[in-house]
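# Observations on the three-dimensional arrangement
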Amino acid sequence: MADFNTEIEKLEAESLKQLEADIASKSVKPLEENEVLKKYQEKLAELRADSSKKAEASALAKKAVAFANILSDAYIRQVNEEESAKEKEIREKYAARLLEIKGATAARVAQLSKKEEINVAKYEGNSALFDAKNKFQNEVAKCRSAKNQAYIDHVMFNRALRDGRTNFKENMTMNWKNYINNFKMSKFMLDNGLYIAILVFFIVCVIIAPLMGNGALLSLPNILTILEQSSTRMFYALGVAGLILIAGTDLSVCRMVALGAVTTGLILHPSKNIVSFFGMEPWDFTGLPMGLRLVMALFLSISLCVLFSSFSGFFSAKFKIHPFISTLSAQLIIYGLLFFGTSGTPVGSIDPGIKDLIGGRWILFEFDGDLITFPKLIIPAVIAIFVAWFIWNKTTFGKNMYAVGGNAEAAAVSGINVFGVTMGIFIMAGIFYGCGAFLEAFRANASAGTGQGFELDAIAACVVGGISFNGGIGRIRGAVIGVIIFTGLTYCLTFLGIDTNLQFVFKGLILIAAVALDSVKYLKRK
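The structure reproduced in this document is the subject of the present report. (Residues numbered from 1 in each chain as written. Predicted model: local features only at pLDDT ≥ 70, side-chain atom pairs only at ≥ 80, totals over all residues. Heavy atoms only, no water.)

## Focus on the overall build of the chain
To keep it simple, the criterion reads: Put simply, DSSP marks the helices as runs of H or I at least four residues long and the strands as runs of E at least two long, and each gets a number from the N terminus on. Every radius of gyration here is taken over C-alpha atoms, with the globule rule written as 2.2 Å times N^0.38, N being the number of residues. Each residue's exposure class comes from its accessible area (1.4 Å probe, protein chains only) as a fraction of the maximum for that residue type: buried when under 20%, exposed when over 50%, partly exposed otherwise. Whether two residues are in contact is decided by their heavy atoms: any pair within 4.5 Å suffices.
The helix and strand tally for the chain stands at 18 helices and two strands. Radius of gyration (C-alpha) of the chain: 32 Å, far over the 24 Å computed for a compact globule of 526 residues. Considering only C-alpha atoms, the chain reaches an extent of 100 × 85 × 60 Å along its principal axes. Evaluated residue by residue, the chain yields a buried proportion of 42% over its 526 residues. Restricting the contact set of the chain to residue pairs at least 6 apart, pairs at least 24 apart contribute 75%.

## What to know about the pattern of salt bridges
To keep things clear, this is the line we draw: The working definition used for a salt bridge is a side-chain nitrogen of Lys or Arg within 4 Å of a carboxyl oxygen of Asp or Glu.
Taken as a whole and assessed by the stated rule, the structure comprises 15 salt bridges. A salt bridge links Lys 93 to Glu 89, with the nearest nitrogen and oxygen atoms 3.3 Å apart. Taken together, the positions of Lys 93 and Glu 89, both in helix α3 (residues 54-110) and four residues apart, correspond to about one turn of that helix. With relative accessibility at 55%, the residue Lys 93 sits in the exposed group. Accessibility expressed as a relative area gives 41% for Glu 89, which makes it partly exposed. Through salt bridges with shared partners, one network takes in Glu 87, Arg 91, Arg 144 and Lys 147.

## Things to note about helix α7 (residues 220-245)
The line we're drawing: Two axes enter the bend calculation: one fitted to the seven residues ending at the residue in question, the other to the seven starting there, and the bend is the angle between them.
The sharpest bend along α7 comes to roughly 40°, located at Thr 232. Extensive coverage of α7 is indicated by the burial of 20 of its 26 residues. Looking one or two residues beyond α7, the residue adopting positive phi is Ala 247, at roughly 65°.

## Points about the nonpolar core
Which entries qualify depends on this criterion: Here, nonpolar core means buried Ala, Val, Leu, Ile, Met, Phe, Trp, Tyr and Cys residues that are tied together by side-chain atoms lying within 4.5 Å of each other.
Membership of the largest hydrophobic core comes to 82 residues, with the highest contact counts inside it found for Phe 235, Tyr 236, Leu 268, Trp 392, Tyr 433, Cys 462 and Val 464. Considering each element in turn, this core owes the most residues, 11 residues, to helix α15 (residues 418-440). Those residues within four positions of Tyr 236 in sequence are excluded, and the remaining contacts are Val 253, Val 257, Tyr 433, Gly 436, Ala 437, Glu 440, Phe 454 and Ala 458. Counting residues in hydrophobic clusters, the runner-up holds 21 residues, among them Leu 19, Leu 37, Ala 57 and Val 65.

## Let's talk about the packing of α7 against helix α12 (residues 378-394)
Put simply, the rule is: Between N-to-C directions, angles cover 0 to 180 degrees, with each direction set by a line fitted to C-alpha atoms, over the stretch in contact for helices. An angle counts as roughly parallel when it lies under 35 degrees, as roughly antiparallel when it exceeds 145, as roughly perpendicular when it falls between 65 and 115, and as oblique in every other case. Helix crossings fall into two classes, left-handed where the near helix is turned counterclockwise from the far one by less than a right angle and right-handed where it is turned clockwise. Residue classes follow a fixed rule: Ala, Val, Leu, Ile, Met, Phe, Trp, Tyr, Cys and Pro count as nonpolar, while Asp, Glu, Lys and Arg count as charged, and any other residue, Gly among them, counts as polar.
Contact geometry of α7 with α12 gives a least axis separation of 9 Å together with a crossing angle of 25°. One finds that α7 runs roughly parallel with respect to α12. At the point where α7 passes α12, the crossing takes the left-handed sense. Residues Leu 224, Leu 227, Glu 228, Ser 231, Met 234, Phe 235, Leu 238, Ala 241, Gly 242 and Leu 245 of α7 form the contact with α12, whose own contacting residues are Ile 378, Pro 380, Ala 381, Ala 384, Ile 385, Ala 388 and Trp 392. Here the residues of the contact of α7 with α12 sort into 14 nonpolar, two polar and one charged.

## Describing the packing of aromatic side chains
This is how it is decided: Any two rings among Phe, Tyr and Trp, with Trp reduced to its six-membered ring, count as a pair given centres within 6.5 Å; such a pair is stacked if its planes are under 30 degrees apart, edge-to-face if over 60, and tilted if neither. Should the NZ of a Lys or the CZ of an Arg lie within 6 Å of a ring centre and within 35 degrees of the ring normal, that charge is described as sitting over the ring.
According to the stated counting rule, one finds 18 aromatic pairs in the structure shown. Ring geometry for Phe 315 and Phe 319: centres 5.8 Å apart, planes at 35°, overall tilted. Residue Phe 315 and its partner Phe 319 are both found in helix α9 (residues 290-319); the two are separated by four residues, about one turn of the helix. When the ring of Tyr 491 is compared with that of Phe 495, the centres are 6.2 Å apart and the planes differ by 25°; the resulting orientation is stacked. On the criterion of helical spacing, the pair formed by Tyr 491 and Phe 495 is a turn pair, its members being four residues apart in helix α17 (residues 476-495). With a relative accessible area of 15%, Tyr 491 lands in the buried category. Judged by its relative accessible area of 19%, Phe 495 is buried. Ring-pair connections join several aromatic residues into one group, and the members of that group are Phe 311, Phe 314, Phe 315, Phe 319 and Phe 419. Lying across the ring of Tyr 151, Lys 177 places its NZ or CZ 5.2 Å from the centre.

## As for the side chain of Ser 72
Which entries qualify depends on this criterion: Pairs of N or O atoms within 3.5 Å make up the polar contacts considered here, provided that, within protein, one atom can donate a hydrogen while the other can accept it, and that residues adjacent in sequence are counted only when both atoms are side-chain atoms.
For Ser 72, the position within the fold is in helix α3. Take Ser 72: its relative accessible area is 2%, and that puts it in the buried class. Separated by 3.0 Å, the side chains of Ser 72 and His 154 make a polar contact. Each residue touching Ser 72, except ones within four places of it in the same chain, is listed here: Leu 31 and His 154.

## Topic: the packing of α3 against helix α4 (residues 115-161)
Relative to each other, α3 and α4 sit at 175°, their axes nearing to 8 Å. It follows from the interaxial angle that α3 and α4 lie roughly antiparallel. Counted by class, the contact of α3 with α4 contains 26 nonpolar, eight polar and 13 charged residues.

## Concerning unusual backbone geometry
Even without a glycine there, the phi angle at Ala 247 is positive, about 65°. For Lys 320, which is not glycine, the phi dihedral falls at a positive 60°. Here Lys 320 shows up in the loop between α9 and α10 (323-342).

## Quick notes on the state of the cysteines
What counts here: Disulfides are defined in this document as cysteine sulfur pairs within 2.5 Å.
Following the criterion strictly, the structure yields zero disulfides and no others. The thiol of Cys 435 is unpaired, and the distance to the nearest cysteine sulfur, on Cys 305, comes to 8.9 Å.

## With respect to the environment of Tyr 433
Within the secondary structure, Tyr 433 sits in helix α15. When the C-alpha atoms of Tyr 433 and Ser 309 are compared, they prove to be 9.2 Å apart, with 124 residues separating the residues in sequence. With residues near it in sequence (within four places) discarded, Tyr 433 still touches Phe 235, Tyr 236, Gly 239, Val 240, Leu 243, Asp 250, Val 253, Met 256 and Cys 305. A polar contact of 3.5 Å, which involves the side chain of Tyr 433, links it to the backbone nitrogen of Val 240.

Quick look at the structure:
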């Protein structure tokens, strides 16, 4: 090993002298062609074949990478200079070509008198401009890709020297270069313009809140309150997200919430119920153990929501009825049953002990005279997010959801049970609704009107989060971000004292902007 080190150091010195000459003549070679690095690779292969020489191999790999970095820096600079020069030349030729096409078109139009001929000449001129622009963009993209590829080759070579091990700095630099290489301002604004506008709105709210005498908006208690208000709504968004993914929707969410919350309120009421359900005697569950009542309330809330969600799903999956109609039908049926059964009377509060246990807050600490508490409802919401993410991303059912949403006919031809997947999505939505409705009863006194408007908030949150109404596109994180954005928007407007009715205007503008951007992206993809 000592002889090898002596030999390699001598070869490195000679190679570095040659590198200076190569830089001057702009003839630096790629790493793969360097004789010194080839010797390093041969020696590393020899050492790695002997398991007792791992330490020597690791030390030699560091030396090899250090030398490769020197060579690659020179090579990358050379490639960047060459490609930048090419790009400059391409831009100059493109500018000249534009002038040529515009001049030729103008001269041709000047010689024509008929309107039809003039329109044809202008159309052909525009087509020539379009072709020239495409050619220019492709040539520029090749130059930038060549620059990016030089660095990627360097990283891949270093990984091979390290026997496949990656380097954090190299990975971050490579990801950044890939992002810059593929960056387009129009696409960036199309993907993120709405989020930027909402972020600016939040910043303005944070600035003006103290000026209006409303106190600091961006405080830990307010942030925790927004997350608490988002917690139950997260379940509804996670449920409806699956339906939007298959180009559907769900208008029955609000009534599902009322159904599950009323059921939970009836079972967990601390005394004999005040509601005479369907004219029967008021129910009294106080004789049952609280644990059994909790399980019963959760089970019935989920079961009833799954029942009506399956009802909608069956007609959509079997008879190809759009979910807009089938879920509207379910909404009306639930609404009628609830109001007829309860006469619209609130079921009252639930047992205060169990309400605090599940829907209360943990005391964390005291800060500037304020008691900081953590809402317990955030925990089940986080669990639900993880479960939904796992289903969407790590299961065959999740992959089939995307396939059916992208193209149901193609999915059926490929052997996917479209009926089964559609029913599964509706059932999954019912489970999320049932869990969310169960927890909703811990936030407010339940009645047949509980959850009014929640379906629109859930749908809007998903669309704002990037789940496309055209189907097959979206991520769980989008629904999560959308819920927090919408809940935060409502909280900010309320905090600033904006009238509740005007808040619907803001929500409507955000929703139409999100759908419009989604439609533009869909048309571009087509």
